[in-house]
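As a plain string of letters, each chain reads:
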Amino acid sequence: MSEWMIEARDVAYRYPFAEASALEGISFRLRRGEAMLVTGASGCGKSTLLRLLNGLIPNHYKGTLTGALAVAGETCPVPMEALAKRVGTVLQNPDEQFFATTVEEEVALTLEWQCRPRDEIRRRVDDALRVLDLTDFARRSVFTLSSGEKQKATLAAVLAAEADLVVMDEPTANLSPEATDELARLILRLKAHGVTLVIVDHRLYWLRGVLDRLLVLEHGRAVFNAEKMPGGEDLLDLLAAQPRVADWGLRRVDVFRPELPACDTFGAPAVEIRGLTFRHSKKSRLIFDGFSANVPRGAVTAIVGANGAGKTTLARLLCGLAKPQAGEILHEGRALRRRDVRERAAFVMQQMDIQLFMRTVREELLFSAPRAVPRAVREAEADRLLALFGLARLSGRHPQSLSGGEKQRLVIACALMKRPSLLILDEPTSGLDGRNMRVIAAQLAQFALDGGAALLITHDLELLELVAQCQLRIEGERKTENGERSAPTGRQAEVDPSRACARSVLRSPFSVLPTASSPTTPHQGDSK
């Protein structure tokens, strides 16, 4: 058996009908049990490389492929049914790869298709759920999970299948900082057992001490391609020392958790939340129970909390998309009808596709502007935002034909076109490179300076450090002394912002992992 899990030599690929190659001259080798990061600005070819590794290219995407590529000892092209037994994929959008309705059914599905014995399926499903702290979610519908919980459920399905190679597209996009640290520790344990990992991510800090190879792409070509040498400098430090690193649009290699004051004490409230109680249905759990908080005017407020704490649910309540069972929400001191709230609030959701309706990017922006604004003013503002968010060259394209990062920038631009007094963004930078993340941070800061109230739901520590001024922390449900779960109550919780990860989800052995403890990755604030 070869020591190399992946061997690529001068690989190039062009999509059908495309004018330019998506990848050109890519060469690298990755051993079994190693981890590689692929990063670069949006549209540089990262996802295309993953499609080559998991067989979607050329089995699904035809195009033109040249060069030599071998994956798991097989020279490409390899039939999908053969490669799928060796390669597991975690997509950025978990909804795109769910085939079952509950978490445990989703995790078991691949094993059932492989006709594994019932006892083996049960054991591997239970172990995967335990490792990712999803045991209590086994019977939950995947449609009721938060984005972070969905991402963990997808990873659990890949781990249960015991793939030799795991490719991950933006795996931390919706994970809390604590869950991100836990993922880094999980990767170290997988490596120790011989699992090879290829990770595409814009966020860099969490992979310090984890990587064996780092590949930076620009316009489909490798501009930085380095292998970790025994006892050598960490690859992130090597990357940071490159003369052209500022030109590549990357995130920072070291990020620190900002210490933010509570929003209740920050300034005059634009929105007041009083005794909020909410559950999705009579049979579902309480999300909020008598919850109260204020959202200040003229500030960027970060809504922070663990995955599944209720951050997105609170956003839906604040902008009138959901109705509480008790309590009230006051806007500028007044209780408004939900229809009136929706007119003055803009909500950028994580699912970009369901917010895009028009035939072209430009029409999408014009449609978002208030009808009372003169058409000439609307068109001038649309042109300004198209240029600002790097979408001018795409103004005639259909919105659904854009990449994930381009759609993300478009829906944020549409929200600003609405001229809201309350702007809520749910993970607005989950798939964005450093350059576009900084553009969005600057626009949020300007919106607050103009007197607006901005609410930012994000686990992106770099974005928080750049623009957040105060925080509204949601603790999420807690276990009581008798083991039952309780919803957040009363005022927002006071939390020590410097606290480390409270616990590790790796407290239990997993069948594909070594039982011996593995070294852990330091938190981003302790990396130097």
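Everything numeric in this text was worked out from a predicted model, so none of it was measured. (Residues numbered from 1 in each chain as written. Predicted model: local features only at pLDDT ≥ 70, side-chain atom pairs only at ≥ 80, totals over all residues. Heavy atoms only, no water.)

*Asks:* Summarise the overall build of the protein chain; cite the residues concerned and give the values.
*Replies:* Along the protein chain, the regular secondary structure elements total 15 helices and 22 strands. In the protein chain, which comprises 528 residues, the proportion classed as buried is 55%. Across the protein chain, every contact between residues at least 6 apart in sequence was considered, and the portion connecting residues at least 24 apart equals 72%. (Helix = DSSP H or I, 4+ residues; strand = E, 2+ residues; numbered from the N terminus. Buried < 20%, exposed > 50% of the residue type's maximum accessible area, 1.4 Å probe, protein only. Contact = heavy atoms within 4.5 Å.)

*Asks:* Please provide a residue-by-residue account of the packing of aromatic side chains, values included.
*Replies:* A full pass over the atoms with the stated rule returns five aromatic pairs. Here Tyr 15 and Tyr 61 contribute two aromatic rings whose centre-to-centre distance is 6.0 Å and whose plane-to-plane angle is 85°, an arrangement assigned as edge-to-face. In this pair, Tyr 15 sits in the loop between strand 1 (4-14) and strand 2 (23-31) while Tyr 61 sits in the loop between helix 2 (56-59) and strand 4 (64-71), placing the two residues 46 residues apart along the sequence. The partly exposed category is assigned to Tyr 61, whose relative accessible area is 27%. Seen in terms of ring centroids, Phe 288 and Phe 291 are 5.2 Å apart; in terms of plane orientation they differ by 45°. Their pairing is tilted. What makes Phe 291 buried here is its relative accessible area of 2%. Site record: aromatic cluster; members linked through ring pairs are Tyr 13, Tyr 15 and Tyr 61. (Phe/Tyr/Trp six-rings, centres within 6.5 Å; stacked < 30°, edge-to-face > 60°.)

*Asks:* Hey, could you go over the nonpolar core for me, with residue numbers and the actual values?
*Replies:* Ranked by internal contacts, the top residues of the largest apolar core, which has 99 residues, are Ile 187, Leu 214, Leu 239, Leu 365 and Leu 444. Excluding its chain neighbours within four sequence positions, the residues that come into contact with Leu 365 are Ala 382, Leu 385, Leu 386, Leu 410, Ala 413, Cys 414 and Met 417. (Core = buried A, V, L, I, M, F, W, Y, C linked by side-chain atoms within 4.5 Å.)

*Asks:* How would you explain the pattern of salt bridges if you had to name every residue and give the values?
*Replies:* If you walk through the whole model with that rule in mind, you get 35 salt bridges. Between Asp 95 and Lys 150 there is a salt bridge whose closest N-O contact spans 3.0 Å. With Asp 95 in the loop between strand 6 (87-90) and helix 4 (103-113) and Lys 150 in helix 6 (residues 147-160), the pair connects residues that are 55 residues apart, well separated along the chain. With relative accessibility at 34%, the residue Asp 95 sits in the partly exposed group. (Salt bridge = Lys/Arg side-chain N within 4 Å of Asp/Glu carboxyl O.)

*Asks:* An account of the environment of Ala 369 is needed here, citing residue identities and associated values.
*Replies:* Within the fold, Ala 369 resides in the loop between helix 11 (361-368) and helix 12 (375-388). Remark: the alpha-carbon pair of Ala 369 and Arg 419, spanning 50 residues in sequence, is separated by 7.4 Å. The contact partners of Ala 369, leaving out residues within four places of it in the chain, are Arg 378 and Met 417.

*Asks:* Residue-level account of the pairing of strand 9 (residues 213-218), with values.
*Replies:* With five of six residues buried, strand 9 is to be regarded as a mostly interior element. Of the strand pairs in this sheet, strand 3 (residues 35-40) and strand 9 are connected by five bridges, and their pairing is parallel. Bridging from a neighbouring strand, Leu 37 pairs with Leu 214 of strand 9. The pairing of strand 9 with strand 10 (residues 221-227) spans six bridges and is classified as antiparallel. (Pairing = 2+ DSSP bridges.)

*Asks:* An account of unusual backbone geometry is requested, with residue identities and associated values reported.
*Replies:* With an omega of 10°, the peptide bond between Ile 57 and Pro 58 qualifies as cis. By the element assignment, Pro 58 lies in helix 2. The peptide bond linking Cys 76 to Pro 77 adopts the cis configuration, its omega dihedral lying at 5°. Checked against the element boundaries, Pro 77 lands in the loop between strand 5 (74-75) and helix 3 (80-83). The phi dihedral of Glu 162 is positive, around 55°, even though this residue is not glycine. Following the sequence through the fold, Glu 162 ends up in the loop between helix 6 and strand 7 (165-169). Positioned with a positive phi, Arg 419 is a non-glycine residue whose angle comes to about 55°.

*Asks:* Account for the sheet that holds strand 19 (residues 470-473), naming residues and giving values.
*Replies:* Spatially, five strands are ordered 16-17-18-13-19 in an open sheet, and the strand pairing comes out parallel. Two strands in the sheet have a free side with no partner beyond their single neighbour: strand 16 (345-348) and strand 19. The sheet shows a mean angle of 20° between the axes of neighbouring strands, taken without regard to direction. In this structure, strand 13 (residues 299-304) lies alongside strand 19, joined through four bridges in parallel fashion. By the bridge assignment, Thr 301 is partnered in strand 19 with Cys 470. (Axes fitted to C-alpha atoms, helices over the stretch in contact; angles between N-to-C directions.)

*Asks:* Can you tell me about the sheet that holds strand 10, naming the residues and giving the values?
*Replies:* With respect to topology, six strands assemble into an open sheet ordered 6-7-8-3-9-10, the strand pairing being mixed. Each of the sheet's edge strands pairs with one partner strand only, and the pair in question is strand 6 and strand 10. Each adjacent strand pair in this sheet contributes to an overall mean axis angle of 15°, direction not counted. Across the sheet, helix 6 touches strand 6 and strand 7, and the angle it forms with strand 6 is around 175°. Docked against the sheet, helix 7 (residues 177-192) engages strand 3, strand 7 and strand 8 (196-200), running at close to 150° with respect to strand 8.

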